[in-house]
Amino acid sequence: MRIYRFDEIDSTNRFLREKDDVLEKDLAIAKVQNAGRGRRGNKWVSTEGAALFSFALKHDLGIQDEEYMKLPLLVGYSLLYSLKEIENLDYKFKWTNDLYLEDKKISGILVEKIKDYYIIGIGLNVNNLNLEEAKDKGMSLREKTGKEYDLEEVILTIVSDFFKSFEEFKIGKWKEILEKINKVNYLYGRRIEIVNFDKEESGIAGDILEDGTLEVFVGNEIKKYNIGSIHIAKK
Ligand code: BTN
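It should be emphasised that the depicted structure is a prediction, and the values quoted were computed from it without experimental measurement. (Residues numbered from 1 in each chain as written. Predicted model: local features only at pLDDT ≥ 70, side-chain atom pairs only at ≥ 80, totals over all residues. Heavy atoms only, no water.)

Participant: Any chance you could explain the nonpolar core here in plain terms?
Facilitator: Across soluble globular proteins, you tend to see nonpolar side chains buried next to one another. If you look at the biggest cluster of nonpolar residues, it comprises 56 residues, and the most contacted ones within it are Phe53, Leu71, Ile122, Leu124 and Phe162. Phenylalanine 53 has contacts with Thr12, Leu27, Ala28, Ile29, Ile120, Gly121, Ile122, Ile155, Ile158 and Val159, leaving out every residue within four places of it along the chain. (Core = buried A, V, L, I, M, F, W, Y, C linked by side-chain atoms within 4.5 Å. Buried < 20%, exposed > 50% of the residue type's maximum accessible area, 1.4 Å probe, protein only. Contact = heavy atoms within 4.5 Å.)

Structure follows, in structure tokens:
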């Protein structure tokens, strides 16, 4: 594993995406990012004390393309259960890419495809206390426990656990993995609004299904969603 450490960089995802000789398990870690990227073009607040890192996964030609749709879920699952080993708290997985603790976001995941590689970027609030503009929506491990953590140790545990989870996924353990994901499904039973392209619908979220989509009860219908932005409905 090659590790690239930066005191400051624009974005660790951008760094690996543009790296010509990228290899599987290459890992980029930043203390601070000045242009951290979130999903749908959002900015990711990247202050010191957070775990800010990206790593590369080579597209395995033995795995069908649609199986990779489940990758964000697999990353979220693996990250959640890694965190439980570090600090056994009641984390929830918010389909499709976020981890929550006590109704506040503790981590965001950005998966991007470039040539034969998936670049998996994770922002995890660990030691940071100043969540700035994300204050009422974000939470860090230190805020919850009062402890300080060794960031590099946390990151290496998460990356190594991910590759173990990916091996389980490859040998056909998706069903068992999905069961564990559904145990920590943040959206389950909540009224949510789904903004899908220009259309907005409201319904009650159910389970995450075998194909990685989310089941939503909209009126008398059961619908499945695989893309679009999703929010909890405002009361
Ligand atoms: C999201 O919640 O929208 C995803 C946020 C992902 C942020 C991480 S921080 C490390 C990596 N580098 C980036 O620029 N983004 C990801």
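Okay, back to it.
Participant: Could you clarify how one ought to interpret helix H5 (residues 174-183) in this entry?
Facilitator: Every α-helix winds through 3.6 residues per turn, so residues three or four apart in the chain are directed the same way. Of the positions making up H5, those classed as buried are Trp174, Ile177, Leu178, Ile181 and Asn182. Buried positions in H5, seen along its axis, are confined to an arc of 135° and lie on one side of it. The exposed set on the far side of H5, more than 90 degrees from its buried face, consists of Lys175, Glu179 and Lys183. In this fold, the buried residues of H5 make contact with helix H2 (71-86), strand E4 (91-94), helix H4 (151-170) and strand E9 (199-208). (Helix = DSSP H or I, 4+ residues; strand = E, 2+ residues; numbered from the N terminus. Arc of directions from axis to C-beta.)

Participant: Would you explain the packing of aromatic side chains in this entry?
Facilitator: Remark: the centre distance and the inter-plane angle together describe each pair of aromatic rings, the angle taken between the planes. Inspection of the entire model under this criterion finds 13 aromatic pairs. An aromatic cluster is defined as three or more aromatic residues linked by ring pairs; in this entry it consists of Phe53, Phe55, Tyr68, Tyr118, Phe162, Phe163, Phe166, Phe169 and Trp174. The aromatic ring of tyrosine 81 is capped on one face by lysine 180, whose charged end is 4.6 Å from the ring centroid. (Phe/Tyr/Trp six-rings, centres within 6.5 Å; stacked < 30°, edge-to-face > 60°. Lys NZ or Arg CZ within 6 Å of the ring centre and 35° of its normal.)

Participant: What is the right way to look at the environment of valine 218 in this model?
Facilitator: Note on placement: valine 218 falls in strand E10 (residues 214-218). Look at valine 218 and you get buried, because its relative accessible area is 15%. Each C-alpha atom of the pair valine 218 and isoleucine 192 lies 9.8 Å from the other, and the pair is 26 residues apart in sequence. Among residues more than four places away in sequence, those in contact with valine 218 are Glu201, Ser202, Gly203, Lys223 and Tyr225.

Participant: What exactly am I supposed to notice about the site of the ligand here?
Facilitator: Near the ligand lie 19 residues; those nearest to it are Ser11, Gln33, Arg37, Arg39 and Lys105. Note that a nitrogen atom of the ligand is positioned 3.1 Å from one of the side-chain N or O atoms of threonine 12. A distance of 2.7 Å separates an oxygen atom of the ligand from a polar side-chain atom of lysine 105. Of all the secondary-structure elements, those providing two or more residues to the shell around the ligand are helix H1 (12-17), strand E3 (51-58), strand E6 (104-114) and strand E7 (117-124). At four residues, E6 tops the list of elements feeding residues into the shell around the ligand. Its residues placed into classes, the shell around the ligand shows five nonpolar, ten polar and four charged. (Near = heavy atom within 4 Å. Polar contact = N/O pair within 3.5 Å; in protein donor to acceptor, adjacent residues only side chain to side chain. Nonpolar A, V, L, I, M, F, W, Y, C, P; charged D, E, K, R; others polar.)

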